[in-house]
Amino acid sequence: MSETVPQAKSVATVAQLTAQYNAGASVSEHTVQQTLLDMRLCRRRPTRVPLLTKRHRQLRLQWAREHQDWTMDEWKRVAWSDESRFLIHHVDGRVRVRRLPGKQLLPFCTAGHTQAGGGGIMLWGTFSWAALGPVFVVEQAMKAANYLNIIANQLHPYMVFVFPTGNGIFQQDNAPCHKARIVLE
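Let me sum up the structure you'll find in this document. Source: prediction; values computed, not measured.

Observations concerning the environment of Ala 79
- Secondary-structure assignment places Ala 79 in strand S1 (residues 78–87).
- Here the alpha-carbon distance between Ala 79 and Phe 163, two residues 84 residues apart in the chain, equals 9.4 Å.
- For Ala 79, the contacting residues outside a window of four places in its chain are Thr 126, Phe 127, Ser 128, Tyr 158, Met 159, Phe 163, Ile 169, Phe 170 and Gln 171.

Focus on the sheet that holds strand S4 (residues 169–171)
- Here 4 strands make up an open sheet; going across it, the order is S3-S2-S1-S4 and the pairing mixed. Unpaired on one side and paired on the other, strand S3 (132–138) and S4 mark the two borders of the sheet. Neighbour to neighbour, the strand axes of the sheet diverge by 20° on average, direction disregarded.
- Pairing analysis gives 3 bridges linking S1 to S4, with the strands arranged parallel. Bridge assignment links Trp 80 to a residue of S4, and that residue is Gln 171.
- Against the sheet, helix H5 (residues 144–162) touches S1, strand S2 (120–128), S3 and S4, its axis set at about 30° to S2.

Comments concerning a nonpolar patch on the surface
- Taken together, the side chains of Phe 86, Ile 121 and Val 137 make up a nonpolar region of the molecular surface, amounting to roughly 230 Å² of accessible area.
- Mapped onto the elements of the fold, Val 137 is located in strand S3.
- The exposure class assigned to Val 137 is partly exposed, which follows from its relative accessible area of 34%.

Digging into the environment of His 56
- By secondary structure assignment, the location of His 56 is in helix H3 (residues 54–67).
- In this structure the side chain of His 56 is engaged in a polar contact, spanning 3.0 Å, whose partner is the backbone nitrogen of Thr 53.

Some details on the nonpolar core
- Counting residues in each nonpolar core, the largest one holds 17 residues, and the members touching the most others are Trp 124, Met 142, Tyr 147, Leu 155, Tyr 158 and Met 159.
- For this core, the element with the highest residue contribution is H5, accounting for 8 residues.
- Sequence-distant contacts of Tyr 158, defined by excluding residues within four places in its chain, comprise Ala 79, Thr 126, Phe 127, Ser 128, Ala 131, Leu 132, Gly 133 and Pro 134.

Looking at helix H2 (residues 29–38)
- Listing the buried residues of H2 in full gives Val 32, Thr 35 and Leu 36. Viewed along the axis of H2, the buried residues span an arc of 100°, placing them on a single side of the element. Facing away from the buried side of H2 by over 90 degrees, the exposed positions are His 30 and Asp 38.

Reading guide: rules and limits
- Residues numbered from 1 in each chain as written.
- Predicted model: local features only at pLDDT ≥ 70, side-chain atom pairs only at ≥ 80, totals over all residues.
- Heavy atoms only, no water.
- Helix = DSSP H or I, 4+ residues; strand = E, 2+ residues; numbered from the N terminus.
- Contact = heavy atoms within 4.5 Å.
- Pairing = 2+ DSSP bridges.
- Axes fitted to C-alpha atoms, helices over the stretch in contact; angles between N-to-C directions.
- Patch = residues over 30% accessible without salt bridge, like charges linked within 9 Å, V, L, I, M, F, W, Y side chains within 5 Å.
- Areas by Shrake-Rupley, 256 points an atom, 1.4 Å probe, with all protein chains shown as cover.
- Salt bridge = Lys/Arg side-chain N within 4 Å of Asp/Glu carboxyl O.
- Buried < 20%, exposed > 50% of the residue type's maximum accessible area, 1.4 Å probe, protein only.
- Polar contact = N/O pair within 3.5 Å; in protein donor to acceptor, adjacent residues only side chain to side chain.
- Core = buried A, V, L, I, M, F, W, Y, C linked by side-chain atoms within 4.5 Å.
- Arc of directions from axis to C-beta.

Note that every value here comes from positions in space, so none of it alone points to a role or purpose.
What follows is the structure, encoded as structure tokens:
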């Protein structure tokens, strides 16, 4: 079977490799997957990047130190928000790439290739000491423009309701869409 495996620059899923091989013979996806593992093309998970870089850790520690002496009344003025993705099925649509150990992840390996199936839901929500806020279904990728709409249509009414005197503080993380120029303005 090894002679039918695409060359280094070819990109194919296990299902595509199985279909390609089955044009001349019959083999299951499991057999193709096992053969790839035997060939040491066993990298199944996407390359992970650290969730927090050294700079992120420094900034978080600095923030914690700046706020360590806050009183309970000060913390009661904070509204927190975040977004989370929940998978409906096991397959999440992310790209899985098989490559030899020690080989770098090249752009041609992932361009336009995702696994079929899956599905999930992205939710944005907010809360404070005073009340739970809205939970909003994010229909599109969380880009700056979409996030700005959520801030305008979901967060602002919540902040006016919970902090009618305007003394509330909104706290979010440093996701790229949160730091975009149009959002910060």
